[in-house]
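The primary structure of each chain is shown beneath.
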Amino acid sequence: MAQSEADVIIIGAGAAGLMCALTAARRGRRVRVLEHAHRPGRKILMSGGGRCNFTNLHVEADHFLSENPHFCKSALARFTPWDFIAMVEAHGIAYHEKEAGQLFCDVSSKQILQMLLAECAQAGVEIVLSCAVTRLAAGDPGFVLETAQGPMRAARLVLATGGLSIPKMGATGFAYEIAAQFGHRVVPTRAALVPFTLSGKPAEHWLDLPGIAHAVSIATAGKSFRGPLLITHRGFSGPAVLQISSYWQPGESVLIDWMPGQRGAEWLLCAKRRAPQLELEALLIQTDPAGPGMPRRLAQRVGQLLGLPGALGQISDDRLRSAGEQLKRWSLKPSGTEGYRTAEVTLGGISTEDLSSASMESRLCPGLHVIGEAMDVTGHLGGFNFQWAWASGHAAGLAV
C-alpha cells in the first residue's frame, strides 16, 4: 500500500474502528487505521474490570438511547451477538455469562483486542499508531488528511474516535468537530453510565459509609433499574446507579426502593404483628422471612433517618405505613455526576438524522461514515455498547 493513499481510512483504533477495518479488508479494500494514541483498543483493555463484557445475549433496540430509537435496529439485526460470539469461539477464547445475558472473557480483555488485531493483520489492515490528524478536507474525489505522519488520501473516511468519556485515555471531541465541519448536527453530549456525587445533607447522611453495597431499584424520568447500589467516598455508584444516570437530568431527584420486590407498609405492619419486640434495624438486616437483607451499618443509618427508635410494637401503624412508603420511594437529589472522568460512555453525539442506518454513511458528505460511540446511540450497561460498536463497524465495513 502506498504511504499516501488508501481505499478506506478509519480514524480510531477502538472496538468499532477495528471491526470496520477487518470487515472492509476482508472484502479486498485497502484499509488504513489511524490512531492518535501509542497503542490501539485501550478502552477494550480496561472494560469489564479487565475481562471485557464484550456483548449481551439480549440485544434489542430498547436497550439504547437516541433521538431516533429506531436507527440502531438495522445494524443490530445484521450483526448479532451470535456473530461476534462465533468469532470469539473461533479464536478459542473462553467466556461466561455473568448475569442478564452479559458475556465476559474468562481470562482477560486482552484476548478480545488480540483477536481483533489478528483478524486485521490476516486481512491486510494497516494500523498506524501515534498518528494524530491535524487537518481534514473533502478532496475531488475522496478525502485529504494532514497527519503527524504526513499527508494521506482515501476514497472513503470512517470516523470511529468515540466520545468524550475517560479523557485520560485520550478521548476527545474530534469526531464531533469533523462532523460539524461537514454540516452534521451534534446532539448535546453529557456523561452517561456514571456515578452520582452527593453534597449537603445527602452527603452528611451517606458518605461516611463507603464500600457498603445493597440491591435496590432506582428510578427517574419514568425509568427504573434494579441492581446493586454502592456507596462511595463521593456519592453513589454500582450498576443500578450507572444505568439510571443515563436518564437523570441535573437538578432532578431519583427514587430509591431499598427493598425491591417487597411491599413496604404492609411488610412493616405484618412484621409488627409477627414480632412486636423486633426493632426496625434488626428487621432490615433479616433475609428471612422476606427481609431486604441490608448490611448492618446501612440498616442502622436507614433506621436513624426514618426516626423509628424502639420495638415495632411501640410504633403506631400510621408511622409504620409512612416509613414503609419512604423505604419504597426514598427521594434523593444528586448534586451531579463524576463526569467524563469516570463515565463509561458519552450520551448524545453526531445526530443520526443525516446518516444511513444501513451503511452509517453521511447523506451530507458521500463517502464519510460514522460508527460507534461518536454518534447519538448509547447503550445500557451490560455489553450493549460493545455490540453497537461491532454492529455499526460491520455495517460500515460492508459499505465502504
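Attention here is on the structure that accompanies the text. Please read these numbers as outputs of a predicted model, since none were measured by experiment.

Criteria and cut-off values
Numbering of residues begins from 1 in every chain and follows the order in which that chain's sequence is written. In keeping with the model being predicted, local features are shown solely for residues with a pLDDT of at least 70 and side-chain atom pairs are shown and tallied solely at 80 or more, while totals for entire chains, interfaces and linings include all residues. The basis for every side-chain value is the complete set of non-hydrogen atoms in the structure, without hydrogens or water. Helix and strand assignments come from DSSP, with helices taken as H or I runs of at least 4 residues and strands as E runs of at least 2, each series counted from the N terminus. The length a helix should cover is 1.5 Å for every residue beyond the first. Here's how the labels work: a residue is buried when its accessible area is under 20% of the maximum for its type, exposed when over 50%, partly exposed in between, all with a 1.4 Å probe on protein chains only. The contact criterion used throughout is that any non-hydrogen atoms of two residues lie within 4.5 Å. Axes, fitted as lines to C-alpha atoms, cover a helix only where it is in contact. Angles between the N-to-C directions of the axes lie from 0 to 180 degrees. Each helix crossing is assigned a hand: it is left-handed if the near helix lies turned anticlockwise from the far helix by less than a right angle, otherwise right-handed if that turn is clockwise. When residues are grouped by polarity, Ala, Val, Leu, Ile, Met, Phe, Trp, Tyr, Cys and Pro land in nonpolar, Asp, Glu, Lys and Arg in charged, and all others, Gly among them, in polar. At least two DSSP bridges between two strands are required for those strands to pair. For this analysis, a salt bridge means a side-chain nitrogen from Lys or Arg found within 4 Å of a carboxyl oxygen belonging to Asp or Glu. Between 30 and 60 degrees the pair is tilted, below 30 it is stacked and above 60 it is edge-to-face, where a pair is any two Phe, Tyr or Trp rings, Trp via its six-membered ring, whose centres lie within 6.5 Å. When the strands point away from the viewer and the path from the first strand over the helix to the second turns clockwise, the crossover is right-handed.

Observations regarding helix H5 (residues 110-123)
- Taking 1.5 Å of rise per residue, 14 residues should cover 20 Å, and H5 covers 20 Å from first to last C-alpha, within 8% of that figure.
- Taken as a whole, H5 has its buried residues at Gln111, Ile112, Leu113, Met115, Leu116, Glu119 and Cys120.
- Buried-residue contacts for H5 involve helix H1 (15-26), helix H2 (42-46), strand E3 (53-56), helix H4 (81-90), strand E6 (102-105) and helix H13 (384-399).
- Glycine 124 sits one or two residues past H5 and shows a positive phi near 90 degrees.

A look at the packing of H1 against H13
- Interhelical geometry of H1 versus H13 gives an angle of 35 degrees and a closest axis separation of 7 Å. Handedness of the H1/H13 crossing: right-handed. Facing Ala15, Ala16, Met19, Cys20, Thr23 and Ala24 of H1, the residues of H13 in contact are Phe386, Ala389, Trp390, Gly393, His394, Ala396, Gly397 and Leu398.
- Of the residues belonging to the contact of H1 with H13, the class tally is 10 nonpolar, 4 polar and no charged.

Let's talk about the environment of lysine 98
- Along the polypeptide, lysine 98 turns up in the loop between strand E5 (95-97) and E6.
- Taking the relative accessible area as the measure of exposure, lysine 98 reaches 55% and is therefore exposed.
- A sequence separation of 42 residues divides lysine 98 from asparagine 56, and the C-alpha atoms of the two residues are 10.0 Å apart.

A look at the sheet that holds E3
- Read from one edge to the other, the open sheet built from 3 strands follows the order E3-E6-E5, with strand pairing classed as antiparallel. Looking at the sheet topology across the chains shown, the edges are occupied by E3 and E5. Neighbour to neighbour, the strand axes of the sheet diverge by 25 degrees on average, direction disregarded.
- Two strands pair when backbone bridges link them, and E3 and E6 are joined in this way by 3 bridges, in the antiparallel orientation. Within E6, the position partnered with threonine 55 by the bridge is leucine 103.
- Helix-sheet contacts for H4 involve E3, E5 and E6, and the interaxial angle to E3 is about 140 degrees.

Side note on the pairing of strand E13 (residues 213-220)
- Note that E13 and strand E14 (residues 223-231) share 8 bridges and pair antiparallel. Paired with serine 217 across the strands is arginine 226, a residue of E14.
- From the end of E13 to the start of E14, which pair antiparallel, there are 2 residues, and alanine 221 there has a positive phi angle of about 50 degrees.
- Examined bridge by bridge, E13 and strand E16 (residues 254-257) share 3 bridges and lie antiparallel to one another. Along E16, the bridge assignment pairs isoleucine 218 with isoleucine 256.

A look at the pattern of salt bridges
- For the coordinates displayed, the defined rule picks out 16 salt bridges.
- For the salt bridge of glutamate 266 with arginine 263, the shortest nitrogen-to-oxygen distance reads 3.0 Å.
- The exposure class of glutamate 266 is partly exposed, given its relative accessible area of 45%.
- According to the relative accessible area criterion, arginine 263 is exposed, its value standing at 58%.
- Of the charged contacts in the structure, one is a salt bridge between arginine 341 and glutamate 338, with a shortest N-O distance of 3.2 Å.
- Here the residues in one salt-bridge network are Glu67, Arg185 and Glu353, joined through shared partners.

Quick word on the packing of aromatic side chains
- Summed over the entire model, instances satisfying the criterion amount to 13 aromatic pairs.
- Ring plane angle 85 degrees and centroid distance 5.8 Å describe the contact between phenylalanine 54 and tyrosine 95, whose orientation is recorded as edge-to-face. Residue phenylalanine 54 is located in strand E3, and its partner tyrosine 95 is located in strand E5; the two are separated by 41 residues in the primary sequence.
- By relative accessible area, phenylalanine 54 is classed as buried at 0%.

Here's the deal with the pairing of strand E2 (residues 31-34)
- Side chains of E2 alternate between two faces, with Val31 and Val33 and Arg32 and Leu34 buried alike.
- Direction of pairing for strand E1 (residues 5-11) relative to E2: parallel, over a ladder of 4 bridges. Its bridge partner being in E2, isoleucine 11 is matched across the sheet by leucine 34.
- The parallel pair E1 and E2, bridged by H1, forms a crossover whose chirality is right-handed.

Some remarks on the sheet that holds E13
- The strand order across the open sheet built from 7 strands is E17-E16-E13-E14-E15-E12-E18, with neighbouring strands paired in antiparallel fashion. With partners counted over all chains shown, the strands left at the sheet margins are strand E17 (330-332) and strand E18 (336-337), one partner each.
- In this sheet, E18 lies alongside strand E12 (residues 196-197) in antiparallel orientation, the contact comprising 2 bridges. If you follow threonine 197 over to E18, its bridge partner there is glycine 336.

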